[in-house]
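Chains, contacts and geometry: an overview
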Amino acid sequence: MNLYRDTGVVLRVQKLGEADRIITLLTRRTGKVRAVARGVRRTKSRFGARVEPFCHVDVQFYTGRTLDVITQVETVDAFSAGIVGDYQRYTSACAILETADRLAGEEKEPVLRLYMLVAGALRALSAGERDPSLVLDAFLLRAMAFAGWEPAVTECARCGVPGPHSSFSVAGGGAVCTGCRPPGSARPSAETFSLLAALMHGDWECAEASGSVARRDTSGLVAAHLQWHLERQLRTLPLVERRGREETAAT
Amino acid sequence: MYEGPVQDLIEELGRLPGVGPKSAQRIAFHLLGSDPADVARLQDALQRVKDGVVFCDVCGNVSEQERCRICRDARRDPASVCVVEEPKDVLAIERTREFKGRYHVLGGALDPLSGIGPDQLRIRELLTRIGEQEVTEVIIATDPNTEGEATATYLVRMLRDFPGLTVTRLASGLPMGGDLEFADELTLGRAFSGRRTV
Ligand SMILES: [Zn+2]
Ligand SMILES: [Zn+2]
């Protein structure tokens, strides 16, 4: 029996047969792994609760003929507790998992950078100290950088002339100068451009000082940029709750 | 691999939940060897489930009429509504004999990864029902897993503003990660009597 261990985040669970599940994990060393967890839907299962979405776990697998099988699970971080108790965090976290699943590529191709981004974003959501929308957008921008599609924010995406610029073109690759600006480009505010840059570089002080209009516009540009590069639309993105209920009720 | 109709049947059976390739084969050969009248009865039952079963107008449970048996039963307390994900959860809770109120079947859990948001479930119907009828208690009995917990979170937030409404959640004893249908009667019964206000 060929055993191996790895640490990973549970991206997705699917029912298999009567009581089993197929668990998709994004792991530190092995990349994306799909493995069977037997008997986990029975309420008496030893580790059912540890192979739920958002769980950050240390797993022992054995290599199976088609799918690997999970034999042991230890919790590293119980992120779900801080995520499922808040609907905005939950929907943002779901979008992180789906994006990660799409960008991870083939199974068992190491993607350490992406794994670090996912674990970091879930940790931030679970801690609940930052606006879930900002956490999600920062993750999406950096995940796109990992995939090689990061939008240009300061220099022009086409000719490279340094900004600040005032137009943004999804098809053109991000910020564009007046000379390169394709028709139909968006005209985001200077604040939106600085929020994009702050999220990309992890400048949280600047990101958290941003206003709600810049946050909304940034989310729109990030989502449009991501969808433009993905073949199939993300299911989770339209279901992400972008603002707190109190805020929605006030407007 | 078998040929023609037998292989077709094995493939169809293999698509059913919980039926692996070996069981599909076993069932197929069982049917092949059984009395034509037995097969006809099965065929008839399958047909009727698609033609005859509707969903209850009030609670969304499977029913043979516009209103299901529980919603028609005057002895069931209309002030207490238990919210579950699926019709099979109604059966599981009925088996405990702990609950004398009525149900509301959501039709699933909030699961953005499968494209399911509030609009895909019978949440609006629940809110209308609470607004229009004399409901004083809502018991949230979604599955004790991630999607079920998130659904409970969302419902609690939506129900918070109804004046005079008590919202409870099934108590522990139900470990995270499981499906409600697998809980034994004792555990589920205890979870019911020990439900807590949220
Ligand atoms: Zn240019
Ligand atoms: Zn009914």
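Residues numbered from 1 in each chain as written. Chains lettered and ligands numbered in written order. Predicted model: local features only at pLDDT ≥ 70, side-chain atom pairs only at ≥ 80, totals over all residues.

**Some details on the sheet that holds strand 3 (residues 77-84) of chain B**
Residues and elements named next belong to chain B. Defined as follows: Any two strands with at least two DSSP-identified bridges between them are counted as paired. For helices the rule is a DSSP run of H or I covering at least 4 residues; for strands it is a run of E covering at least 2, with both sets numbered from the N terminus onward.
Taken in spatial order, the 5 strands line up as 4-3-5-6-7 in an open sheet, and their pairing is mixed. For this open sheet the edge positions go to strand 4 (101-105) and strand 7 (196-197), each flanked by a neighbour on one side alone. Relative to strand 4, strand 3 runs parallel, the two sharing 5 bridges. When the bridges of strand 4 are listed, Val84 appears paired with Val105.

**Quick notes on the nonpolar core**
This is how it is decided: For our purposes the nonpolar core covers buried Ala, Val, Leu, Ile, Met, Phe, Trp, Tyr and Cys residues that link as a set through C-beta atoms within 7 Å. Think of it as a crowd count around each C-beta: if 20 or more other C-beta atoms lie within 10 Å the residue is buried, if 12 or fewer it is exposed, and in between it is partly exposed, with C-beta placed from the backbone throughout. What counts as a contact is two residues whose backbone-derived C-beta atoms lie within 7 Å of each other.
Val10(A), Ile96(A), Ala100(A), Leu114(A), Val118(A), Leu122(A) and Val83(B) are the most contacted members of the largest nonpolar core, which totals 105 residues. Contact partners of Ala100(A), with chain neighbours within four places excluded, come to Leu11(A), Leu26(A), Leu114(A), Val118(A) and Ala143(A).

**Concerning the pairing of strand 4 (residues 56-62) of chain A**
Residues and elements named next belong to chain A. One ladder, built from 7 bridges, connects strand 1 (residues 3-16) with strand 4; its direction is antiparallel. Its bridge partner lying in strand 4, Tyr4 is registered against Phe61. Pairing of strand 4 with strand 5 (residues 68-77), which is carried by 7 bridges, proceeds in the antiparallel orientation. Residue pairing across strands places His56 opposite Asp77, the latter belonging to strand 5. Counting the residues between successive antiparallel strands, the hairpin from strand 4 to strand 5 contains 5 residues.

**Some remarks on helix 7 (residues 146-159) of chain B**
An α-helix turns once every 3.6 residues. As a result, residues three or four positions apart point the same way. Here is the rule we go by: In a helix, the anticipated span is given by 1.5 Å times the number of residues less one.
The end-to-end C-alpha distance of helix 7 of chain B is 20 Å, a good match for the 20 Å that 14 residues give at a rise of 1.5 Å each. Of all 14 residues in helix 7 of chain B, 10 are buried, a share of seventy percent or more. Every buried residue of helix 7 of chain B is accounted for by Thr146(B), Glu147(B), Gly148(B), Glu149(B), Ala150(B), Thr151(B), Ala152(B), Thr153(B), Tyr154(B) and Leu155(B). Buried residues along helix 7 of chain B sit in contact with helix 1 (79-84) and helix 2 (87-103) of chain A together with strand 3, strand 5 (137-140) and strand 6 (166-169) of chain B.

**Things to note about the sheet that holds strand 1 of chain A**
All names here are of chain A. The criterion, for reference: Axis definition: a line fitted to C-alpha atoms, over the contacting stretch in the case of helices. Angles run 0 to 180 degrees between N-to-C directions.
Spatially, the 5 strands close up into a barrel ordered 1-2-3-5-4, and their pairing is mixed. With direction set aside, neighbouring strand axes in the sheet form an average angle of 50°. Lying over the sheet, helix 3 (residues 112-127) contacts strand 1, strand 2 (20-27), strand 4 and strand 5, oriented at roughly 105° with respect to strand 2.

**Some details on the pairing of strand 6 of chain B**
Residue and element names in this part refer to chain B. Every second residue of strand 6 is oriented toward a common face, the buried set being Val167 and Arg169 and the non-buried set Thr166 and Thr168. Two strands pair when backbone bridges link them, and strand 5 and strand 6 are joined in this way by 4 bridges, in the parallel orientation. Residue Glu137 lies in a different strand from strand 6, and its bridge partner there is Thr166. Here strand 6 runs beside strand 7; their pairing, made up of 2 bridges, is antiparallel. Looking at strand 7, one finds that Thr168 is bridged to Thr197.

Fair warning: the whole summary comes from geometry, so function is off the table for now.
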